[in-house]
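What the coordinates show
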Amino acid sequence: MAFKIRKDLAYRRVGGELFVVDAAGARLHELNGTAAIIWEGLDKGLSEAELAAGLAGEFEVGEAEARADVKEFVSGLRRAGLLEEK
Amino acid sequence: MAMSRAVLKIAGSGLSFKSDFKGIISVLGRRYAPFIVSGFGGLQFDCSEGPARLSPFRPEVKWAGSRLELARGDFRAALDTRSGRGTLTAAPNEQCLDAFLRSLISSLLIRDGGLMLHSAGILKSGKAWLFPGKSGAGKSTLSKLAAAAGAEVISDEINMLRFERGRWRVYGSPFWGEMRSGGRQGSWPLGGVFLPKKAARHRVAPCGKAEAFRVLLRCAVNFSRENREAAAVMSSAARLLAAEPHRLEFSKKDAGFLELVG
């Protein structure tokens, strides 16, 4: 199943961190490092496989490790209710 | 029954209230006396009195195009910002009208690229210095120390900013915390922003942009649950970072921190 960022979220990158405001849930989320990169990739509509390939290239880690990181992060975002099905 | 009217000017917005009932108008006249102006103009509300229901307590704010709706247990308002005409049904007491005005003005400021900020505001050298923080951060303590040292306090709880001609201006505030002052009309250029922290001695330290942004977001007054308003608050908070916020450690012993500001 593919997921995308909920349309009703506002986000902004400041000082190396990515701040996500869930106005409906009155919550502020903060992402840094890899998490912020994955978030921005999701916002561009990249698939999990494309995100993993990008991370593997940028951080010189194996694709399997990158894929696991992306999967775990996407699961976390789903649990936080920040993603919706494509 | 005679029609009565009160006209306020808060954060640059003219707000005219008229009613067949004296209750709301007399509360507005008493509670916001320093912000009463003569004449008409600005946004106009036809008012009626309603019950003082306590639930729901949190104001609900909804925008639909140019129409703004505000509601809480004890008030309900609708405003067409294009025509400047609106209606308000509210309980005629200070708590209700204070909550209504906070939700109205914060909503209008956000749409105008401004902010209502939980903060202490202090005047020094003709400029406004803001100290944003949530409850317990030391806003009232800082304000009382500054006032005791002869400085004018804009508010110890809620300050309002507009971005005008490329610069931030801070407006006089009727919204206060422990000091319970009335405030006064006026606007001043923003001097700077300091994130307060109680400490053993006075000290100014650098503050990262992300840390300052986090505090500004948490201190911005925004009752809306809508994405557009959240994005506007983020945009204004990011613009406020240009004021290069610092961290201010302050001692409760005296107002020596004023010498470090400005």
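My aim in this report is to walk through the structure given alongside it, one point at a time.

**Describing the side chain of B:Ser19**
Residue and element names in this part refer to chain B. If you trace the backbone, Ser19 turns up in strand E2 (residues 13-19). Given a relative accessible area of 1%, Ser19 falls into the buried group. Reaching out from Ser19, the side chain makes a polar contact with the backbone oxygen of Cys47 at a distance of 3.3 Å.

**As for the nonpolar core**
Residue and element names in this part refer to chain B. Among the nonpolar cores identified, the biggest contains 41 residues, and Phe17, Leu88, Phe100, Leu101, Leu104 and Ile105 are the most heavily contacted of them. Among the elements that take part in this core, helix H2 (residues 94-111) stands out by supplying nine residues, more than any other. Among the domains, domain 1 (4-111) and domain 2 (115-260) are the pair contributing at least three residues each to this core. The contact partners of Leu101, leaving out residues within four places of it in the chain, are Leu8, Ile10, Leu15, Phe17, Leu28, Tyr32, Ser106 and Phe175.

**A look at unusual backbone geometry**
A cis amide bond links B:Ser55 with the next residue in sequence, B:Pro56, at an omega value of -5°. Mapping B:Pro56 onto the fold places it in the loop between strand E3 (43-49) and strand E4 (60-64). Not every positive phi belongs to a glycine, and A:Glu60 is a case in point at roughly 55°. If you trace the backbone, A:Glu60 turns up in the loop between helix H2 (48-59) and helix H3 (63-79).

Analysis parameters
- Residues numbered from 1 in each chain as written.
- Chains lettered and ligands numbered in written order.
- Predicted model: local features only at pLDDT ≥ 70, side-chain atom pairs only at ≥ 80, totals over all residues.
- Heavy atoms only, no water.
- Helix = DSSP H or I, 4+ residues; strand = E, 2+ residues; numbered from the N terminus.
- Buried < 20%, exposed > 50% of the residue type's maximum accessible area, 1.4 Å probe, protein only.
- Polar contact = N/O pair within 3.5 Å; in protein donor to acceptor, adjacent residues only side chain to side chain.
- Core = buried A, V, L, I, M, F, W, Y, C linked by side-chain atoms within 4.5 Å.
- Domains from an automatic or database assignment.
- Contact = heavy atoms within 4.5 Å.

Everything listed here is a matter of geometry and, on its own, says nothing about what the molecule does.
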